[in-house]
Structures are given as C-alpha cells and as structure tokens.
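Spelled out, the chains give:
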Amino acid sequence: MLQVSHMFKAYGKKEVLKDLNFSILSGTICGLVGKNGAGKTTLFHSILNFLTYEGQILLDDQPLTKECYSQIGYLPEERSLMPKRTVLEQVSYLAGLKGMSKKEVAEQLPIWMKKLRVKGRMSDKIKSLSKGNQQKIQLIVTLIHQPQLIILDEPFSGLDPVNTGLLKQVILEEKARGATIIFSDHVMTNVEELCDQLIMIKDGTIILNGDIQGIRLQFGRTRLFVSQELDKDQLAALPHVLSVEDTKQGKWRLILDSEEAGPELFDRISQGRYLPTFDQQAPSIDEIFKLKSEEA
C-alpha cells in the first residue's frame, strides 16, 4: 500500500503540491489525472525521491529507504534507452540496478518479449527496433523485477489499439500479482476501463479521490441513452431534457436536469411499448474531468 501524507512541494514562492493526502491499496490500480501543469509528474518525482519535498510517504507502512526503491518500477513519460546497446544489455543493466542478476534477466527477458509481442531479438540493438517496440522494452525494464509499486507516466502514449490492449492486459496481471499501481493518462476511457480508484489534481490540490463508480454517482444518473429510432425533436421537447445528442452508435444521448426524471421519461417514451435501449447512467469520467477542470 502507498500512503502519502501532507505532501508539499514548492519552487521558490510557487506552490506545486499543496497538502496532498491519499492512500492506494495493494492490488489496486489508481488513475492520477489532471490538466498539464496540475502537479502529476511532480508527485511522481517526489515519490521516487528525485525531488525534495515536505510530508511523508509510506510503502507498506514503512518509510521509503534506499532499499525500498528496488521495489518500485517507474515508466517515465519521456522514454530513455541507450540506442547502441542490445536489448539484453540494456535490460540487464537497468534490471541490475534493481537487484536482478544477468542470469535472471536472461531467463525472464524472452518471456516478457513474447508476452508483449516484441518484434526483435535480445541481440538486436535498441536503435534497430521500431518506436513501439522500444517502448515495450522500456516497459519490460519497468516490470521485469516484479516491483511492489508501479508508477506509469502516460504509458499508452504513442501506442496503437492492439499494443494498448496488450499493455492493459499486463497492467491487470500486475494488479492480480498484488502490486500497487498508479498511472497518469489524458485518455479518460483508459482510466475508466482499468482503474479501481481515481485521484484528480487541480493546481496542486486533490479535488476528487475515490472509486470510479462512486465518483460518477456523485454527479447523478443524468445521462439517458435511448434508441435512435425515436424522433430527436420530440425527445428534446420532453420535460427534464436539457439536450439531445447523436452518439454515432445508433443511440441518442439525453442530458437530464435530474436523475429522478428517469421513471417519468420511461413512461412517456415507451408508452407501454418495447424499447431496445433505455439506459440511464452517471456522467463518464471524461465528462467529469472536463467539468471539474473548467470550474473556477
């Protein structure tokens, strides 16, 4: 479990992190979101001891020591590999800093390369690999020593849908192993799909912290999806309907002024007939992110 208490970080008079307090349980995936400049990378760098800060960080109830950092895997937003080294040399060097022997790396590396479908051999130089495969090698470096805390800064950046799916599967496997995982992403669908917990930072302050569904329900089930066979203008004229939008997926999306309007709208729309779609939901994490980001 990761626990952060009363974390402050300032550069001169500019406060970047302001009294952050949160915990992330083992075997949990937490999404850290916020606009550029909110403080996400500064938080990561503080946890990793790249920066000095005020406050306390505990990993499994123990203060972070030099030995603890061998139990942390970090994927930086800016990927950094040595282009003239072979895949085996690169991974052996960085995994060695985490306590793995060359023999252990030689045994585990082929397994990871197969799992992530790396197109290349251990003897290939990093510079000969495609950008996507270099990114996979960087991910292997992050995970091969089986860390207890995994920090991923924009892990899906630049990946195509197939490789994004592979990475998501690996993240879920690491969760099942019991690791504590925290990652940042600007694509809220990734956060909503993977995460148990969401932390949103704005101007260095936590403004949302909780489980994904719980946060969504705070905003009410004010999104209603109905079949597109229905007339848009008639739907827009119904009481409690603020707007009607085309989802491009064969459904209308109605925004309601209150979730309590659901039963009345069901009666008015169905009129006793079968409805292929009538689905009342809370706003998506993407909508909530935009709403909270725009608040004064």
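The structure presented is a predicted model; accordingly, all values stated were derived computationally and were not measured.

**Things to note about the packing of helix α4 (residues 131-143) against helix α5 (residues 161-177)**
Each pair of packed helices can be summarised by the angle the axes make with each other and by the distance between the axes. The geometry of α4 relative to α5 is characterised by a closest axis approach of 12 Å and an angle of 5° between their N-to-C directions. If you check the angle between α4 and α5, you find them roughly parallel. Counting all contacts with α4, which are made through K136, L139 and L143, the residues of α5 involved are N163, L166, L167, V170 and E174. Here the residues of the contact of α4 with α5 sort into five nonpolar, one polar and two charged.

**A few points about the environment of S284**
Within the secondary structure, S284 is located in the loop between β14 (278-281) and α10 (285-294). In this structure, the C-alpha to C-alpha distance between S284 and S130, residues 154 residues apart in sequence, is 35 Å. Excluding residues that lie within four positions of it along the chain, S284 makes contacts with E192 and R216.

**Observations concerning α10**
Of all the residues in α10, the buried ones are I285, I288, F289, K292 and S293. Here the buried residues of α10 occupy an arc of 130° about the axis, which is enough to place them on one side. Those residues of α10 that are buried are in contact with β3 (29-33), α6 (188-194), β9 (197-202), β10 (205-211) and α7 (212-218).

**Let's talk about empty space enclosed by the protein**
Applying the stated criterion to the full structure yields one cavity of 30 Å³ or more. One number sums up the size of the largest cavity: a volume of about 70 Å³. Surrounding the largest cavity, L75, L116, Q135, K136, L139, P155, L159, N163 and L167 form its lining. Per element, the largest residue contribution to the lining of the largest cavity is three residues, and it comes from α4. For the lining of the largest cavity, the per-class residue count stands at six nonpolar, two polar and one charged.

**Thoughts on the UniProt feature "domain: ABC transporter" (unreviewed entry) in the protein**
Per the UniProt annotation, the sites labelled "domain: ABC transporter" (unreviewed entry) are residues 2-228. For residues 2-228, the helix share is 33%, the strand share is 29%, and the end-to-end C-alpha distance is 46 Å.

Quick notes on the rules
Residues numbered from 1 in each chain as written. Predicted model: local features only at pLDDT ≥ 70, side-chain atom pairs only at ≥ 80, totals over all residues. Heavy atoms only, no water. Axes fitted to C-alpha atoms, helices over the stretch in contact; angles between N-to-C directions. Helix = DSSP H or I, 4+ residues; strand = E, 2+ residues; numbered from the N terminus. Parallel < 35°, antiparallel > 145°, perpendicular 65-115°, else oblique. Contact = heavy atoms within 4.5 Å. Nonpolar A, V, L, I, M, F, W, Y, C, P; charged D, E, K, R; others polar. Buried < 20%, exposed > 50% of the residue type's maximum accessible area, 1.4 Å probe, protein only. Arc of directions from axis to C-beta. 1 Å grid on protein atoms, 1.4 Å probe; cavity = no way out; pocket = protein on both sides within 12 Å on 5 of 7 lines; lining within 4 Å. Points joined across faces, edges and corners; volume = space filled by probe spheres on them. UniProt positions renumbered as here; feature names shortened; annotations may be inferred.

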